[in-house]
Amino acid sequence: MRLSDSTAVAREAARRWVQIAADSVRARGKFAVALSGGTTPEELYRLLGSEYREQLPWSQSYIYWGDERRVPASDPQNNAYAVRQQLLDQVAVPPEQVFPMNSSELARTAERDYLEKMRRHLPLDAKKTPIFDLVLLGLGADGHFASIYPGTRAVSDLSNMVLVYPVPQLGKDRMTLTLPVFNAARHVIVMAIGEEKAEAVSNALQGARKPSTYPAQALNPKEGTLTWLLDTAAASKLPA
Ligand code: 6PG
């Protein structure tokens, strides 16, 4: 979906969040969402924490993250820290329903621990993959989303549901949910804003099929919906 600017993208994402949360609570008594880091969703988080605050079922919401930078929990670079400032500190979500990724534990322990936290509260499919009601994703100019970076094992390794691995492009460890989890979700929304994302959007949506190079091509929720919310600049390399 092509929208005029970043505010229109944030508003459309907020409108969809409200609808999906209401439907999920009606159907299953709870709403589980995996959040994105980065700057793209900041306006959305601020809207949810202000204008939309009263419309949302916070006491039935379960908040997870799609990925995390392995920095201390109090570091502004930490995805969970950022969402706390912009959104979670403004709303009445019970703290025991908020699940930041642990950025300090050893890789194996952190992976196991997060999978267990998802399986405890989310419905599971036949392979015991947790089923999110909503996954929010941003897109990097190099084509990564969450911490699924081009050419890395995160694109090809489909056996883990949570992965901690060194991202060669960053020279740093990242922790991420993986494609099997994203593709088991009921709704996936990818948001992209700005000219610098135009090439990555075009490669993902109309490039030659090379998911290892363009990881977003591998997003294909089996039973769910995939929605791209783009501003005019991010959509500028797509046909009119
Ligand atoms: C992160 C992300 C990442 C992000 C993209 C886009 O932790 O950085 O979850 O996948 O969504 O890098 O980042 P911007 O929104 O800042 O452009």
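Residues numbered from 1 in each chain as written. Predicted model: local features only at pLDDT ≥ 70, side-chain atom pairs only at ≥ 80, totals over all residues. Heavy atoms only, no water.

Draft legend 1. Structural context of the site of the ligand. In the region of the ligand, 15 residues are neighbours, and T40, R69, H144, A146 and K197 sit closest. With respect to the ligand, the side chain of S36 contributes an N or O atom lying 3.3 Å from an oxygen atom. Between an oxygen atom of the ligand and a main-chain N or O atom of T39, the distance comes to 2.8 Å. Within the complex, the protein chains bury 88% of what would otherwise be the 420 Å² of accessible surface of the ligand. Of the residues contributing to the shell around the ligand, the split by class is three nonpolar, eight polar and four charged. (Near = heavy atom within 4 Å. Polar contact = N/O pair within 3.5 Å; in protein donor to acceptor, adjacent residues only side chain to side chain. Areas by Shrake-Rupley, 256 points an atom, 1.4 Å probe, with all protein chains shown as cover. Nonpolar A, V, L, I, M, F, W, Y, C, P; charged D, E, K, R; others polar.)

Draft legend 2. Representation of the pairing of strand 7 (residues 162-167) in the model. With respect to burial, strand 7 is a largely interior element, five of its six residues being buried. Pairing analysis gives six bridges linking strand 7 to strand 8 (residues 172-177), with the strands arranged antiparallel. Residue pairing in the sheet places V167 in a bridge with K172 of strand 8. Hairpin geometry of strand 7 and strand 8 is characterised by an intervening segment of four residues between the two adjacent antiparallel strands and by a positive phi of about 65° at G171. (Buried < 20%, exposed > 50% of the residue type's maximum accessible area, 1.4 Å probe, protein only. Helix = DSSP H or I, 4+ residues; strand = E, 2+ residues; numbered from the N terminus. Pairing = 2+ DSSP bridges.)

Draft legend 3. Structural context of the pairing of strand 3 (residues 61-65). The buried count for strand 3 comes to five of five residues, which makes it a mostly enclosed element. The alternating pattern of strand 3 places S61, I63 and W65 and Y62 and Y64 on opposite faces, both of which are buried. Pairing of strand 2 (residues 31-35) with strand 3, which is carried by five bridges, proceeds in the parallel orientation. Looking at the pairing, L35 lines up with W65 of strand 3. By the bridge criterion, two bridges tie strand 3 to strand 5 (residues 98-99) in an arrangement that is parallel.

Draft legend 4. The arrangement of unusual backbone geometry in detail. With a phi angle near 65°, K128 is a residue other than glycine that sits in the positive phi range. With respect to the secondary-structure elements, K128 resides in the loop between helix 4 (107-121) and strand 6 (134-138). Residue K128 is classed as partly exposed on the basis of its relative accessible area of 46%. Its identity is not glycine, yet A146 carries a phi of approximately 40°, on the positive side. Among the secondary structure elements, A146 is positioned in the loop between strand 6 and helix 5 (153-156). Residue A146 is classed as buried on the basis of its relative accessible area of 12%.

Draft legend 5. Inspection of helix 3 (residues 79-86) at higher detail. Within helix 3, burial applies to N79, A80, V83 and Q86. Taken down its axis, helix 3 places every buried residue within 135° of arc, on the same side. On the buried face of helix 3, the contacting elements are strand 2, helix 2 (42-49), strand 3 and strand 4 (67-69). Between the side-chain oxygen at the start of helix 3 and the backbone nitrogen of A80 there is a gap of 3.0 Å, and the oxygen is on N78. (Arc of directions from axis to C-beta. Contact = heavy atoms within 4.5 Å.)

Draft legend 6. Just the packing of aromatic side chains, in detail. Scanning all chains against the criterion turns up five aromatic pairs. Ring centres of Y64 and F132 lie 5.4 Å apart, and the angle between their planes is 80°; this geometry places the pair in the edge-to-face category. Of this pair, Y64 sits in strand 3 while F132 sits in the loop between helix 4 and strand 6, and the two are 68 residues apart along the sequence. Classification of Y64 as buried rests on a relative accessible area of 0%. Over the face of the ring belonging to Y62 we find K30, whose NZ or CZ atom lies 4.8 Å from the ring centre. (Phe/Tyr/Trp six-rings, centres within 6.5 Å; stacked < 30°, edge-to-face > 60°. Lys NZ or Arg CZ within 6 Å of the ring centre and 35° of its normal.)

Draft legend 7. Expanded view of the packing of helix 1 (residues 6-28) against helix 2. At a closest axis distance of 9 Å, the pairing of helix 1 and helix 2 adopts a crossing angle of 50°. With respect to each other, helix 1 and helix 2 are oriented oblique. The two elements helix 1 and helix 2 cross, and the hand of that crossing is right-handed. The segment helix 1 lies against helix 2, with S6, T7, A10, R11, A13, A14 and W17 engaging E43, L44, L47 and L48. (Axes fitted to C-alpha atoms, helices over the stretch in contact; angles between N-to-C directions. Parallel < 35°, antiparallel > 145°, perpendicular 65-115°, else oblique. Left-handed = near helix turned anticlockwise from the far one by under 90°.)

Note that all results are geometric; they support no functional claim without further evidence.
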